[in-house]
Amino acid sequence: MIHRKTFHLRLRSGVLKLGERTLVMGVLNVTPDSFSDGGTFLEPRRAIEHALEMERAGADWLDIGGESTRPGSTGTRAETELARILPVLEGLRGALKIPISVDTRKSEVAEAAIRSGAQIINDISGLRSDPGIAEVARRRGVPLILMHMRGEPETMQKGPFARDVMKDVTQGLRASITKARKAGVAKSQIIIDPGIGFGKSFEQNYELLRKLPGLAKLGYPIMVGTSRKGFLGATLARQGESTPVEERLWATATTVTASILGGAHIVRVHDVAEIVQVARVSDCLLDARICRKFR
């Protein structure tokens, strides 16, 4: 366990403090083909209802995406992404009290989402797909999440994987941070994500979780997303068959605990109500001062 540094993100709605306790990000995939819940929330009304359900369950913020980046996916046109997410963002305007981040690799989508109420940009490509996202973040004054991804979604799990995963992730994140800073994004507005499951072998995902404190040395708040991912299904496989996504909750909870004890500030999850409990108990393990606040 490490001492988790605190940070302050500037949002249009105020200041969001990171590190005092773990923040739980609820995932809202408005797609027909995401690996976990593809098609479930494609209809705007259902997506809006689920967003409000996650808020009631204790989510600290919502991450909405209109493009699946599961292994093997081939990408989505900006027009399609916008058609999926904008009705949801408009429907949540004034109804959702927690902030919303937009999960996209396209500056055009990021710009439109910010205009429609999103307050944070989450770029899984770490500015490799569209460096213009950094300019949108700078101009709009919004926080930017930079994730490490080795390769592209279509081929990222086919390898070759890095020989030294921590070196690969650290170097990749440093390169993304440099791009963001050169574009004028304030250091205080950047969050990093090691990209669990994105171009890493199953074993490397566990290695990253074990060595997560090493990423804290970069000096930025850390977000981790392990929820329901393939390496958990492989670990729990029965008779050579990966465990279905709906049966990976307890494995997710274990990796969320490890992430928090390793210094994660934010965990990105599908099962909000359950992981809110996991985060609270993990925070008590991490810091007794946090635990006292719950009494």
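A brief report on the enclosed structure follows. Since the model is a prediction, treat every value here as computed from it, not as a measurement.

**Digging into the pairing of strand β10 (residues 266-269)**
Part 1: Side chains Ile 266 and Arg 268 of β10 all project onto a buried face; the interleaved residues Val 267 and Val 269 project onto the opposite face, where all are buried too.
Part 2: The pairing of strand β3 (residues 23-29) with β10 spans four bridges and is parallel. Across the sheet, residue Val 24 finds its bridge partner in β10, namely Val 267.
Part 3: Summarising the sheet, strand β9 (residues 223-224) and β10 pair through two bridges and their orientation is parallel. What sits directly across from Met 223, in β10, is Ile 266.

**Details of helix α6 (residues 202-210)**
Part 1: Regarding α6, the residues found buried are Gln 204, Asn 205, Glu 207, Leu 208 and Leu 209.
Part 2: Those residues of α6 that are buried are in contact with α5 (165-182), α7 (212-215), β9, α8 (230-235) and α9 (249-261).

**Quick notes on the sheet that holds β9**
Within a beta sheet, neighbouring strands are joined by backbone hydrogen bonds and run either parallel or antiparallel to one another.
Part 1: In spatial order, the strands read β8-β7-β6-β5-β4-β3-β10-β9; together these eight strands make up an open sheet with parallel pairing. The outermost strands of the open sheet, each flanked by one partner alone, are β8 (190-193) and β9.
Part 2: Sheet analysis places strand β5 (residues 100-103) next to strand β6 (residues 120-123), joined by three bridges and oriented parallel. Bridged to Asp 103 within β6 is Asn 122.

**Points about α9**
Part 1: An ideal rise of 1.5 Å per residue puts 18 Å on 13 residues; α9 measures up with 18 Å between its terminal C-alpha atoms.
Part 2: Of all the residues in α9, the buried ones are Leu 249, Ala 251, Thr 252, Ala 253, Thr 255, Val 256, Ser 259 and Ile 260.
Part 3: With its phi angle positive at about 115°, Gly 263 sits one or two positions after the end of α9.

**As for the nonpolar core**
Part 1: Among the nonpolar cores identified, the biggest contains 69 residues, and Leu 28, Leu 62, Ile 121 and Leu 144 are the most heavily contacted of them.
Part 2: Setting aside residues no more than four positions away along its own chain, Ile 121 makes contact with Val 102, Ala 110, Ile 114, Ile 133, Val 136, Ala 137, Val 142, Pro 143, Leu 144 and Ile 145.
Part 3: Among the nonpolar cores identified, the runner-up in size contains 13 residues, and Leu 11, Met 25, Ile 145 and Ile 191 belong to it.

**Topic: the packing of α9 against helix α10 (residues 272-286)**
Part 1: Relative orientation of the contacting elements α9 and α10 amounts to 35°, with a least axis distance of 9 Å. Crossing angle aside, the handedness with which α9 passes α10 is right-handed. Across the interface between the two elements, Leu 249, Thr 252, Ala 253, Val 256, Thr 257, Ile 260 and Leu 261 of α9 pack against Glu 274, Ile 275, Val 278, Ala 279, Ser 282, Asp 283, Leu 285 and Leu 286 of α10.
Part 2: Here the contact of α9 with α10 is composed, by residue class, of 10 nonpolar, three polar and two charged.

**Thoughts on the environment of Thr 80**
Part 1: As for its placement among the helices and strands, Thr 80 is situated in helix α2 (residues 78-92).
Part 2: Spatially, the C-alpha atoms of Thr 80 and Ser 129 are 17 Å apart, while their sequence positions differ by 49 residues.

What counts and what doesn't
- Residues numbered from 1 in each chain as written.
- Predicted model: local features only at pLDDT ≥ 70, side-chain atom pairs only at ≥ 80, totals over all residues.
- Heavy atoms only, no water.
- Buried < 20%, exposed > 50% of the residue type's maximum accessible area, 1.4 Å probe, protein only.
- Helix = DSSP H or I, 4+ residues; strand = E, 2+ residues; numbered from the N terminus.
- Pairing = 2+ DSSP bridges.
- Contact = heavy atoms within 4.5 Å.
- Expected span 1.5 Å × (residues − 1).
- Core = buried A, V, L, I, M, F, W, Y, C linked by side-chain atoms within 4.5 Å.
- Axes fitted to C-alpha atoms, helices over the stretch in contact; angles between N-to-C directions.
- Left-handed = near helix turned anticlockwise from the far one by under 90°.
- Nonpolar A, V, L, I, M, F, W, Y, C, P; charged D, E, K, R; others polar.

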